[in-house]
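# Coordinate inspection notes
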Amino acid sequence: MTRFRLVSSITAGRLYTIGKYAVLVFIALIWLLPVYSMVINSLKTAAGVLTTPVLQPSGISFHALKVVAAAMERPIFNSFVVVLPVAVISTFVGGMAAYYLYRVQSYFNDVMFTVVAIATFIPYQITLVPLTRMLAQMGIFNTYQGLIFAFLIFYLPTGALLMSIFLAVLPKRTIEAARIDGAGDWLIYRKIVWPLVIPGSISTFMFIVVESWNNFFIPLILTSTPQMRTTSVAVLYYSGGFGTLYNESFAAALMSSILPLIIIVVLGRYFIKGFLALGTGSKG
Amino acid sequence: MVKIEFRKVGKAFGKKNRKKDVISDMSFEVSHGDMYGIIGASGAGKTTVLRMIAGLEEPTSGSILFDNKVVAENGRILVPAEERNIGMVFQNWALYPHMSNFENIAFPLRAKRVPNDKIREKVEYLANLLDITETLRRRPGLISGGQQQRVAVCRALSKDPSLLLLDEPFSNLDATIKDSARSLVRTVQSELGITAIIVSHDPADIFALASNTLCITGGKSGQAGKTSDLYHAPNSIDVARSIGEINLLRATVEVRNGRDAAVLGEENILPVTLSQAARSSLDSGDRSLIVGIRPEDIRIVEDSQEQVDARRWLAAGNATVKISSYSAGIFRILLRLHGVETDLATTSEHFLPPGQEVSMFFRKDDVKLFDNSGYNLAATPAAAAVPHQA
Ligand SMILES: Nc1ncnc2c1ncn2[C@@H]1O[C@H](COP(=O)(O)OP(=O)(O)OP(=O)(O)O)[C@@H](O)[C@H]1O
Ligand SMILES: [Mg+2]
């Protein structure tokens, strides 16, 4: 009897494990399928892409990738120039805002926090017309500064909001101890807060890099020359329209997603770490 | 060195419609170079008072003065925490987990932009004084609780503060190292001659360190004064209980053999002397009161022939031993009185078997009488005369 129970509970456990992995594999497949098709199709020739099904590889040709790479060089460079400062500033300055909202609790700051939260979810479309006019008047329309400025308007609140979430697990006593030790806010932020929320700031940084890299609408409206196009906009010119070569569309898509992909793969565990810190509370 | 003064300080938390008064109408003074104790039950408001002194919390009403200069008043902080030159040891030490112990101790000096060689000198001096030199290169997470406490004390002292605040600094330590930690704090404080305030709910900390004490009861200043006065002449039951163990027995006042006596239960009769004020408040009807007696003020006599000095001891009738337990060379005895619900705790130098009948004597000068609202009937005539709401 006991023996039977033991056996059946083991098989139940096995089944559960198998089921769990089946689900995980399924989810991974769903996620990997587009990546897979992107890779194999960008390696096809123009004829190959028309004659073989999407999920079936047909030979390896770097032609499409080469062609697209030449054309995408400038947009990818533009994206880097815009996205990196935006992510760095949004994380660091957003963190400062988060620190201030965390340290000084007042009615005003509660309102500020709400404003930040709302700003994070504001649809771009609403603000773009006034923003375009503003940039034009400031003389930075269709420039890097203009793009960075516009991105910051949208991603600084995101940075502040995310950093607020990560800062909330900082023990208040630690910061109070630093104040009693005679440290001002700037010193506390640099020497106490920042080092203790590094996992969180990496997550925030990555999130903003990926989001702003993929952002299509802002650069589409705020740039007017091909020279200023960012990756997300440039990719558009490879999808749909007359005479599109599908292998080139896939190649362009692959190139444009390479940075987000690398970031997720390389820094993914830091991203998870940051969120884990939320659950366990930072040690302090 | 600094003198601290609270003038009618009140503190409430929360918004308008959900306000919670935590401290009300609190006034006291801590003099230069004093080691001052703050004691009170859990949730009494000790930490809140300390945080107001530190500048981490503003008083909702009243004012706080450092050396006769107002530092916070009526909901506003005039001198912020970072400018009060305070060293503080938090309840859980609040060390910086990402810095080495050296950097923890050095942090207040770095904030002051002290040159590196001076910092090294100071940190090493303190570490040596508190015997943690070996741990300086490690992080706080990797050293024992006792060492962390000493790092926290070093950090609090490194910038030569004029005021040292300690919030339950020993509560996280093993019993075995508590005493050495206490004597360490005492030595450091007297050597440096700074004003220090120690908050604790444990009377042992207060007796070991504080010559003057404030006892907080329910957010109010229950009593402030010499620590021994709080112990021997507490204003109220709350104060008496906060600062030590006390037996409390309900009694009714009756006249026996022409004099006042407190009757405990069915058989125990204790002669008492009532102050004029106490008498008048009792005369107004309710004749019940509460007798308070500390364990060490009870003497147990097994042999009825034994002579007891009647000038110092009051016969309080008989009792039965309920149980004897043992701690640190002394037996702790619980006594039952006939017709009394609560047991009486006391100590004895030798073991007494359960069930043994004994005679009981109370130390004459240390029997405390409280009215039904818990105020000491002998304390101040005013306290006894004013009717209190329970
Ligand atoms: N920030 C706050 N907001 C609301 N209520 C608070 C706040 N801080 C303290 N309190 C309340 O004030 C009261 C006193 O708290 P305090 O921490 O001063 O007590 P304490 O005497 O230090 O207690 P303990 O011995 O448990 O440390 C408690 O009822 C607590 O819930
Ligand atoms: Mg406390």
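Structure first, text after, so check above.
Everything in this summary refers to the structure shown in the same document. (Residues numbered from 1 in each chain as written. Chains lettered and ligands numbered in written order. Predicted model: local features only at pLDDT ≥ 70, side-chain atom pairs only at ≥ 80, totals over all residues. Heavy atoms only, no water.)

## What to know about the packing of helix 3 (residues 63-103) of chain A against helix 9 (residues 198-214) of chain A
In a packed pair of helices, the relevant descriptors are the angle between the two axes and the axis-to-axis distance. Residues and elements named next belong to chain A. Following both chains from N to C, one finds helix 3 and helix 9 inclined at 145°, their axes separated by 9 Å at the closest point. Here helix 3 runs over helix 9; the crossing is right-handed. Side by side, helix 3 and helix 9 meet where Ile76, Ser79, Phe80, Val83, Leu84, Val86, Ala87, Val88, Ser90 and Thr91 of the first sit next to Ser201, Thr204, Phe205, Ile208, Val209, Ser212 and Trp213 of the second. A per-class count over the contact of helix 3 with helix 9 returns 11 nonpolar, six polar and no charged. (Axes fitted to C-alpha atoms, helices over the stretch in contact; angles between N-to-C directions. Helix = DSSP H or I, 4+ residues; strand = E, 2+ residues; numbered from the N terminus. Left-handed = near helix turned anticlockwise from the far one by under 90°. Contact = heavy atoms within 4.5 Å. Nonpolar A, V, L, I, M, F, W, Y, C, P; charged D, E, K, R; others polar.)

## Regarding the pairing of strand 7 (residues 86-89) of chain B
Residue and element names in this part refer to chain B. Here strand 7 shows no split at all, with Ile86 and Met88 on one side and Gly87 and Val89 on the other all buried. Here four bridges tie strand 7 to strand 8 (residues 163-167), and the two strands are oriented parallel to one another. Opposite Ile86, over in strand 8, you have Leu163 as the bridge partner. (Buried < 20%, exposed > 50% of the residue type's maximum accessible area, 1.4 Å probe, protein only. Pairing = 2+ DSSP bridges.)

## As for the sheet that holds strand 12 (residues 247-256) of chain B
All names here are of chain B. Read across the open sheet, the five strands follow the order 14-13-12-15-21; overall the sheet is antiparallel. Taken across any chain shown, the strands that pair with only one partner, and hence form the sheet edges, are strand 14 (268-271) and strand 21 (368-370). The sheet shows a mean angle of 40° between the axes of neighbouring strands, taken without regard to direction. In this structure, strand 12 lies alongside strand 13 (residues 259-264), joined through five bridges in antiparallel fashion. Pairing of Thr252 across the sheet is with Val263, part of strand 13.

## Points about the pattern of salt bridges
Any two side chains of opposite charge can pair, so long as their charged atoms come close to each other. Using the criterion set out here, one finds 24 salt bridges over all chains in the structure. When the shortest N-O distance is used, the salt bridge between Arg103(A) and Asp185(A) registers 2.7 Å. You can see Arg103(A) sitting in helix 3 and its partner Asp185(A) sitting in helix 8 (residues 185-196), a full 82 residues away along the chain. Put simply, Asp309(B) and Arg311(B) hold a salt bridge, and the shortest N to O gap is 3.3 Å. Residue classification places Arg311(B) among the exposed residues on the basis of a relative accessible area of 69%. Among the charged side chains, a salt-bridge network with shared partners connects Arg173(A), Glu176(A), Arg51(B) and Glu57(B). (Salt bridge = Lys/Arg side-chain N within 4 Å of Asp/Glu carboxyl O.)

## Section: a nonpolar patch on the surface
Residue and element names in this part refer to chain A. Side chains of Trp31, Leu32, Ile258, Ile262, Ile264, Val265 and Val266 sit close together on the surface and give an oily, nonpolar patch of about 680 Å² of accessible area. Secondary-structure elements contributing two or more residues to the nonpolar patch are helix 1 (2-42) and helix 12 (246-280). Considering each element in turn, the nonpolar patch owes the most residues, five residues, to helix 12. Residue placement: Trp31 occurs in helix 1. (Patch = residues over 30% accessible without salt bridge, like charges linked within 9 Å, V, L, I, M, F, W, Y side chains within 5 Å. Areas by Shrake-Rupley, 256 points an atom, 1.4 Å probe, with all protein chains shown as cover.)

Scope: geometric values only; no functional claims are made or implied.
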